[in-house]
Amino acid sequence: MNVSKNKPINSLPAEWYTNDKFLKKEINQIFLKSWLLIGPEDQISNPGDCLFQSIVDQPIVCVRQEDNSIKTFFNICRHRAGSFEKKKSKNNYLVCKYHGWTYSINGQLKSPRGFNKSEIALEGLCLKYINTKIWKGLIFINFCNKPKSFDSTFNDVEKILEPYKLENFVFEKSVSYRIKSNWKVYLDNFLEGLHIPIVHPGLNNAMDYRSYNTKLYKNFSVQSGKLDDSKSPYAQSSNNVAYYFTIYPNILFNIAPGRFQTNTIEPLNEKECVVHFDYFFNSVTKKEILKDINFSDEIQKEDILICEEVQKNLISVGFEQGIISDKYETGVKHFQDYIKNNIS
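Remember, it's a predicted structure, so these values are computed and weren't measured experimentally.

Participant: For this particular structure, what's the right way to read the nonpolar core?
Facilitator: Soluble, globular proteins show a tendency: their nonpolar side chains are buried together. Ranked by internal contacts, the top residues of the largest apolar core, which has 64 residues, are I38, C62, I141, F143, W183, Y186 and I265. Counting residues per element, this core draws most heavily on helix α7 (residues 286-315), at seven residues. Core analysis: the second largest hydrophobic core is formed by 22 residues, L37, V157, L166 and I251 among them.

Participant: Any chance you could explain the pairing of strand β16 (residues 259-269) here in plain terms?
Facilitator: For a regular strand, side chains alternate in direction, first toward one face of the sheet and then toward the other. Taking burial as the measure, the eleven residues of β16 include nine buried ones, the bulk of the element. Pairing analysis gives six bridges linking strand β15 (residues 251-256) to β16, with the strands arranged antiparallel. Among the inter-strand pairings, F253 is bridged to a residue of β16, identified as T262. In textbook terms, the turn of a hairpin is the stretch between consecutive antiparallel strands, and for β15 and β16 this stretch comprises two residues, one of which, G258, has a positive phi near 85°. As paired elements, β16 and strand β17 (residues 272-281) share ten bridges and run antiparallel to each other. Its bridge partner lying in β17, T264 is registered against H276. A loop of two residues connects β16 with β17, the two strands running antiparallel in sequence.

Participant: What is the right way to read the packing of aromatic side chains from this model?
Facilitator: For any pair of aromatic rings, geometry is given as the distance between the ring centres together with the angle between the planes. Counted according to the given criterion, the structure contains 27 aromatic pairs. Judged by centre distance (5.0 Å) and plane angle (65°), the ring pair of F140 and F154 falls under edge-to-face. Residue F140 is found in strand β10 (residues 138-142), and its partner F154 is found in helix α3 (residues 151-161); the two are separated by 14 residues along the sequence. A single burial state applies to F140 and to F154, both of which are buried. A network of ring pairs unites the aromatic residues W35, W135, F140, F150, F154, F169, F171, F245, F253, F260 and F280 as a single cluster. The side chain of K184 reaches across the aromatic face of Y17, ending 5.0 Å from its centre.

Criteria and thresholds
Residues numbered from 1 in each chain as written. Predicted model: local features only at pLDDT ≥ 70, side-chain atom pairs only at ≥ 80, totals over all residues. Heavy atoms only, no water. Core = buried A, V, L, I, M, F, W, Y, C linked by side-chain atoms within 4.5 Å. Buried < 20%, exposed > 50% of the residue type's maximum accessible area, 1.4 Å probe, protein only. Helix = DSSP H or I, 4+ residues; strand = E, 2+ residues; numbered from the N terminus. Pairing = 2+ DSSP bridges. Phe/Tyr/Trp six-rings, centres within 6.5 Å; stacked < 30°, edge-to-face > 60°. Lys NZ or Arg CZ within 6 Å of the ring centre and 35° of its normal.

Okay, structure coming up:
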């Protein structure tokens, strides 16, 4: 592709967004080896409370223990792969809805219905445990038996976030959006502000686009932009700046005065993803919360429209590969390099 005298920075080829062979590699070589955000621990506040989810086709259950810790297991009975009854609160046991095998909330097999306990080794049929980490009130898991260090990335994130005292934010609500685009299309879009004046007129009106900045770190990046006090939909603050963290592979933190928002982008197939939003607020009124959520919903719908259109165009024979601005799209290049470097 000969665009100018200077050699352009090529984006990922279109087939990386449309061919399921790349998604299979991404799931097996990236997602199943990374720390993944599940959600706020406040959703399971009492012993026996359960959070059932499926992430990249892996069924899981997070369970609050008697000692107040949280353990995560595969939501798969060790008998013949049944699932557990999805009772969300105050479980004394996890009961398989296929054959009725019963486990304690710490994963120990208690009643193997259809077998005498003397016939089988109960301790060898405990639920399969998934590595779990609680950070700033958020639940993270890693499917690897020997996962990479959580702290190697999140210690750096924590240093940057320390002034915002995330522990003071209270969980408000969750919203999910199903999008007809590859998960990387959504990430690429999030990772640059070049489109803001074109796609997001409301956000562009509230933010000083000239102040937009991107900083790159080993496994994450941070974008920021100054907000206009008179036009910002967020609470007023002496530090009136919006921050956008991308923690690879699929975690987003959006921070604005009075509000902390997490997003996780989950691939469904090579052409679809779902984005889960969790909203947290600190010392803001219900009116301000509603205004914030409505504004976020407006921006998200604008992003969905553009991402879905891009996905359609990536399928066309009229597009093979694009180029990346080394001034305005450094976050996109950083992410795409991460993808290329972590799959074979």
